[in-house]
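Each chain, written out:
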Amino acid sequence: MTDAAGSNRAIAYVRVSTVRQVQEGNSLASQTESIRFYARSKGIRIRSKDIVIDDGTSAGIPIWERKGGKLLLKKCESGDFGHLIITKMDRMFRITSDAIHTIDELNDMDIGFHVIDMGGQSLDTTSAMGRFILRFVASSAELERARTQAQLMYGALFALVIALLSWLFLGDLLGPI
């Protein structure tokens, strides 16, 4: 940290990638409100300009490669902050190695990483147990992403099979493929 006051300052990261996520309660506004409430309850200072927004960005892209992630990294490296707050792991990560690497980098920068909603409990990396549990949860987020991708692939494959069968049985009615 560059100054003692920075240890009580936080930055935050909020992200949505689809309209469906907004409809399910993960809007940028709801994430921001949760982060502000959490920070107040912990006595951590956060300013509006220190909430990094990544709208329409996939968490399948490593954090430091995203537009908002690059800004977040710059703020982290400034030494002006002691905390990084997110609402849920899947708002920031879907790749286990990215989560683990990022958590380790934040630790090296003396930045505590806080996740507000871990099944109703908050968790942070200021303890060894917190770091362990967050690494485990990061693995779960990657599994969910892989399952979603598999479902999309199976859906596309099913549509292709239906189209081919329709073409085989209906022939020229559908025209050439």
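Our subject is the structure that appears above.
Residues numbered from 1 in each chain as written. Predicted model: local features only at pLDDT ≥ 70, side-chain atom pairs only at ≥ 80, totals over all residues. Heavy atoms only, no water.

The next thing to look at is the overall build of the chain. The helix and strand inventory of the chain stands at five helices and five strands. Beginning at the N terminus, the succession of helices and strands in the chain can be written as β-α-α-β-α-β-α-β-β-α. Sorting the 177 residues of the chain into buried and exposed places 40% on the buried side. Within the chain, residue pairs in contact and separated by at least 24 positions form 67% of the contacts whose partners lie at least 6 positions apart. With the model as given, the accessible surface of the chain reaches about 10,200 Å², and the carbon-plus-sulfur share is 60%. (Helix = DSSP H or I, 4+ residues; strand = E, 2+ residues; numbered from the N terminus. Buried < 20%, exposed > 50% of the residue type's maximum accessible area, 1.4 Å probe, protein only. Contact = heavy atoms within 4.5 Å. Areas by Shrake-Rupley, 256 points an atom, 1.4 Å probe, with all protein chains shown as cover.)

Applying the stated rule across the entire model yields one aromatic pair. Summarising the aromatic geometry, the rings of Phe93 and Phe113 are spaced 6.0 Å apart at their centres and angled 65° between planes, so their arrangement reads as edge-to-face. With Phe93 in the loop between strand 3 (83-86) and helix 4 (96-108) and Phe113 in strand 4 (residues 112-118), the pair connects residues that are 20 residues apart, well separated along the chain. For the pair formed by Phe93 and Phe113, the shared burial category is buried. (Phe/Tyr/Trp six-rings, centres within 6.5 Å; stacked < 30°, edge-to-face > 60°.)

Time to look at the environment of Trp64. By secondary structure assignment, the location of Trp64 is in the loop between strand 2 (45-55) and helix 3 (67-77). With a relative accessible area of 15%, Trp64 lands in the buried category. With 34 residues separating them in the primary sequence, Trp64 and Asp98 have C-alpha atoms 9.0 Å apart. Setting aside its immediate chain neighbours within four residues, Trp64 contacts Gly69, Lys70, Leu72, Leu73, Cys76, Thr102 and Glu105.

Moving on, we come to the nonpolar core. Tyr13, Leu72, Leu84, Met89, Met92, Phe113 and Leu134 are the most contacted members of the largest nonpolar core, which totals 23 residues. Residues Val16, Ile35, Ile44 and Ile85 belong to the second largest nonpolar core, which totals 13 residues. (Core = buried A, V, L, I, M, F, W, Y, C linked by side-chain atoms within 4.5 Å.)

What follows is about unusual backbone geometry. One non-glycine residue, Asp110, lies in the positive phi region at around 60°. Within the secondary structure layout, Asp110 lies in the loop between helix 4 and strand 4.

A word on helix 3. The complete set of buried residues in helix 3 reads Gly68, Gly69, Leu72, Leu73, Lys75 and Cys76. The buried side chains of helix 3 occupy one side of the element, clustering within an arc of 165° when seen end-on. Away from its buried face, by an angle of more than 90 degrees, helix 3 presents the exposed residues Lys67, Lys70, Lys74 and Glu77. Phi for Gly79, located one or two positions after helix 3, is positive at around 80°. (Arc of directions from axis to C-beta.)

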